[in-house]
Amino acid sequence: MTLVGCYVALSKPLAATFPVLLLAWLRFGIAALAMPHWLRKPPDEPPMTARTRFLVFLESFLGNFLFSIFMLFGVRMTSAVSAGVIMAAIPAVVAIGSWLFLRERVGTRVVLAIGCAAAGIGLLALAPHPTHASGAGAAPALPWLGNLLVFCAVVCEAAYAVIGKSLTGRLGPRRISALINLWGFVLSLPFGVVLAWHFDFAAVPLAMWALLVVYALAASIWTVWLWMTGLKGGVPASQAGVFTVMLPVSAALVGVFVLGESLSWLQSMAFAAALAGVVLATWPARGTPQPRRTE
């Protein structure tokens, strides 16, 4: 989630250079070229059932394709403050989804951690944000529609966490990463081809192409593999959902240390609250048996 927040923040110049749907298609295409060997079925993996294939499609459609579209278009239409407040709902939506669909027990500490996460991101959203003379500081055109799109992105991210937990019991993290990226490429293919036909690729500077490659690898390979590996390691989806607070937190940190924005005391309190939620969610419970060391 920390990497997701970083690439979301650093993708702003990419979204200003490429149309959103063309950017998505290029992202999935570059990542597909980097991991074709991950598509191969391991010898010890059982054949995919129809249910597993459907879950793979849903994971890509909701967590990759629609999340990117909703978030990029939503932030354009509403303010960053409103988007931050709505993003604070991700841990709660993940916990509710894991309770409804995975029958996971949501303990008291996870509930408190969700509260800390929501409070932290809420404080972060309430902090003043500098405006710019460019389009980033312009008045939102349709704030209610932008807020709705951002909330749709929250639901997609929650579905990504819940479905991912179910998939890791059937497929390995590498194969999941490759399959959902391939579906993302297929879903964005019609839009990408049409937009590419009318786009002037020669006008894109070399530095922007380099940033695009890093963005594609981070968004479709590194973050997905890390997330699925963590879920496969036994982390409940409701507990993993608390870590989604690192998405807006890391995005804000990139703004401070990379883009030169100021950090107020209210933002500092938001970071402290969000990190407190992570500690509550991950601190070992009293009496939890520790794994034995093997020589």
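Predicted, not measured: the structure shown is a model, and the values here were computed from it. Residue numbers run consecutively from 1 along every chain, following the written order of its sequence. Since the coordinates come from a predicted model, pLDDT governs what is reported: local features require at least 70, and pairs of side-chain atoms require 80 or more to be given and counted, while whole-chain, interface and lining totals use all residues. Hydrogens and water are ignored here; the side-chain numbers use all heavy atoms of the structure.

**Student:** Is there a simple way to think about helix α3 (residues 20–34) in this case?
**Tutor:** Residues spaced three or four apart along an α-helix point in a common direction, a consequence of the helix completing one turn every 3.6 residues. Taking 1.5 Å as the rise per residue, α3 with 15 residues should run 21 Å; its terminal C-alpha atoms sit 22 Å apart, in good agreement. Along α3, the residues that are buried comprise V20, L22, L23, A24, W25, L26, R27, F28, G29 and A31. By definition, any uninterrupted DSSP run of H or I lasting at least four residues is a helix, any uninterrupted run of E lasting at least two residues is a strand, and each is numbered from the N terminus. Multiply 1.5 Å by the residue count of a helix minus one, and that product is the helix's expected span. The rule is simple: take the accessible area with a 1.4 Å probe, protein chains only, and divide by the maximum for that residue type; under 20% is buried, over 50% is exposed, in between is partly exposed.

**Student:** What should I look at first to understand empty space enclosed by the protein in this one?
**Tutor:** Which parts of space are left empty comes out when a probe the size of a water molecule is rolled across the atoms. We place a 1 Å grid over just the protein atoms. Points where a 1.4 Å probe fits but has no way out form a cavity, open points with protein on both sides within 12 Å along at least 5 of 7 lines form a pocket, and any residue with an atom within 4 Å of a point lines it. Grid points are joined across faces, edges and corners, and a volume is the space filled by probe spheres set on the points. Overall, the coordinates contain two cavities of 30 Å³ or more when judged by the stated rule. The computed volume of the second largest cavity comes to approximately 40 Å³. What lines the second largest cavity is simply V20, L23, A24, R27, F28, S68, L72 and Y215. Broken down by secondary-structure element, the contributors of at least two residues to the lining of the second largest cavity are α3 and α4 (50–77). The greatest single-element share of the lining of the second largest cavity, amounting to five residues, is contributed by α3. Residues belonging to the lining of the second largest cavity are distributed by class as follows: six nonpolar, one polar and one charged. Residue polarity is assigned by list, with Asp, Glu, Lys and Arg as charged and Ala, Val, Leu, Ile, Met, Phe, Trp, Tyr, Cys and Pro as nonpolar; anything else, Gly included, falls into the polar class.

**Student:** Where do I start with the packing of aromatic side chains in this structure?
**Tutor:** Remark: the centre distance and the inter-plane angle together describe each pair of aromatic rings, the angle taken between the planes. Geometry of aromatic contacts follows a simple scheme: Phe, Tyr and Trp rings, the Trp one being its six-membered ring, pair when their centres are within 6.5 Å, and the pair is stacked under 30 degrees between planes, edge-to-face over 60, tilted otherwise. Under the definition given, this model contains nine aromatic pairs. Between F18 and W209, the ring centres sit 5.6 Å apart and the planes meet at 65°, which makes this aromatic pair edge-to-face. With a gap of 191 residues between them, F18 in the loop between α2 (12–17) and α3 and W209 in helix α10 (residues 206–232) connect regions that are remote in the sequence. With centroids separated by 5.7 Å and ring planes inclined at 5°, the aromatic side chains of F57 and F61 adopt a geometry described as stacked. Remark: F61 and F57 occur in helix α4; sequence separation between them is four residues, near one turn of the helix.

**Student:** What's the story with the confidence of the model for the chain in this structure? I'm lost.
**Tutor:** Do not read the fine detail of predicted coordinates wherever pLDDT is low. When pLDDT is averaged across the chain, the result is 75; 65% of the residues are at 70 or more. The predictor rates its confidence in each residue with pLDDT, a number between 0 and 100. Contact definition: two residues touch when any of their heavy atoms are within 4.5 Å. Across residues 130–140 the pLDDT falls below 50, and counting only partners more than four positions away or on other chains, this stretch makes seven contacts in the model.

**Student:** Teacher, can you tell me more about the layout of surface pockets here?
**Tutor:** In this model, the second largest pocket occupies a volume close to 340 Å³. Forming the boundary of the second largest pocket are 16 residues, of which G97, F101, A159, V162 and I163 lie nearest the centre. Every element with two or more residues in the lining of the second largest pocket is listed here: α4, α6 (90–101) and α8 (143–167). The biggest single contributor to the lining of the second largest pocket is α8, with six residues.

**Student:** Can you walk me through the side chain of N64 in this structure?
**Tutor:** Along the chain, N64 falls in helix α4. A relative accessible area of 4% places N64 in the buried class. Excluding residues within four positions of it along the chain, N64 makes contact with R27, F28, E59, Y160, I180 and N181.

**Student:** How should I be thinking about the environment of F191 in this particular structure?
**Tutor:** Structurally, the position occupied by F191 is in helix α9 (residues 173–197). Residue F191 is classed as partly exposed on the basis of its relative accessible area, which comes to 39%. In sequence terms F191 and V20 are 171 residues apart; their C-alpha atoms lie 9.7 Å from each other. In this view, F191 contacts L21 and F65; residues no more than four positions away in its chain are not counted.

**Student:** Before we go on, may I ask you to explain the packing of α3 against α9 in this structure?
**Tutor:** Two measures define how a pair of helices packs: the angle their axes make with one another and the distance between the axes. Helix axes use the C-alpha atoms of the stretch in contact, all axes being lines fitted to C-alpha atoms, and the angles between their N-to-C directions lie in the range 0 to 180 degrees. In contact at an axis separation of 7 Å, α3 and α9 are set at 135° when each is read in the N-to-C sense. Classified by the angle their axes make, α3 and α9 are oblique. The crossing of α3 and α9 is left-handed. Each of L21, L22, A24, W25, F28, G29, A31 and A32 in α3 lies in contact with α9, whose residues at this interface are N181, G184, F185, S188, L189, F191, G192, V193, L195 and A196. Across the contact of α3 with α9, the residue classes break down as 13 nonpolar, five polar and no charged. We call two directions roughly parallel when the angle between them is under 35 degrees, roughly antiparallel when it is over 145, roughly perpendicular when it lies between 65 and 115, and oblique otherwise. Two helices that cross are described as forming a left-handed crossing if the nearer one is turned anticlockwise from the farther one by less than a right angle, and a right-handed crossing if clockwise.

**Student:** Sorry if this is basic, but what is going on with the environment of L280 here?
**Tutor:** With respect to the helices and strands, L280 occurs in helix α13 (residues 265–282). Relative accessible area serves as the criterion here: at 27%, L280 is assigned to the partly exposed category. Sequence-wise, L280 and T108 are 172 residues apart; in three dimensions their C-alpha atoms are separated by 9.8 Å.

**Student:** It is not clear to me how the pattern of salt bridges should be interpreted in this structure. Could you clarify?
**Tutor:** Where side chains of opposite charge bring their charged atoms close, a pairing between them can arise. Between Lys or Arg on one side and Asp or Glu on the other, a salt bridge is scored when a side-chain nitrogen of the former is within 4 Å of a carboxyl oxygen of the latter. Counted under the stated rule, the structure contains one salt bridge. Between E45 and R175 there is a salt bridge, with its nearest N and O atoms 2.4 Å apart. Placement of E45 in the loop between α3 and α4 and of R175 in helix α9 is noted, with a sequence separation of 130 residues between them. A single burial state applies to E45 and to R175, both of which are buried.

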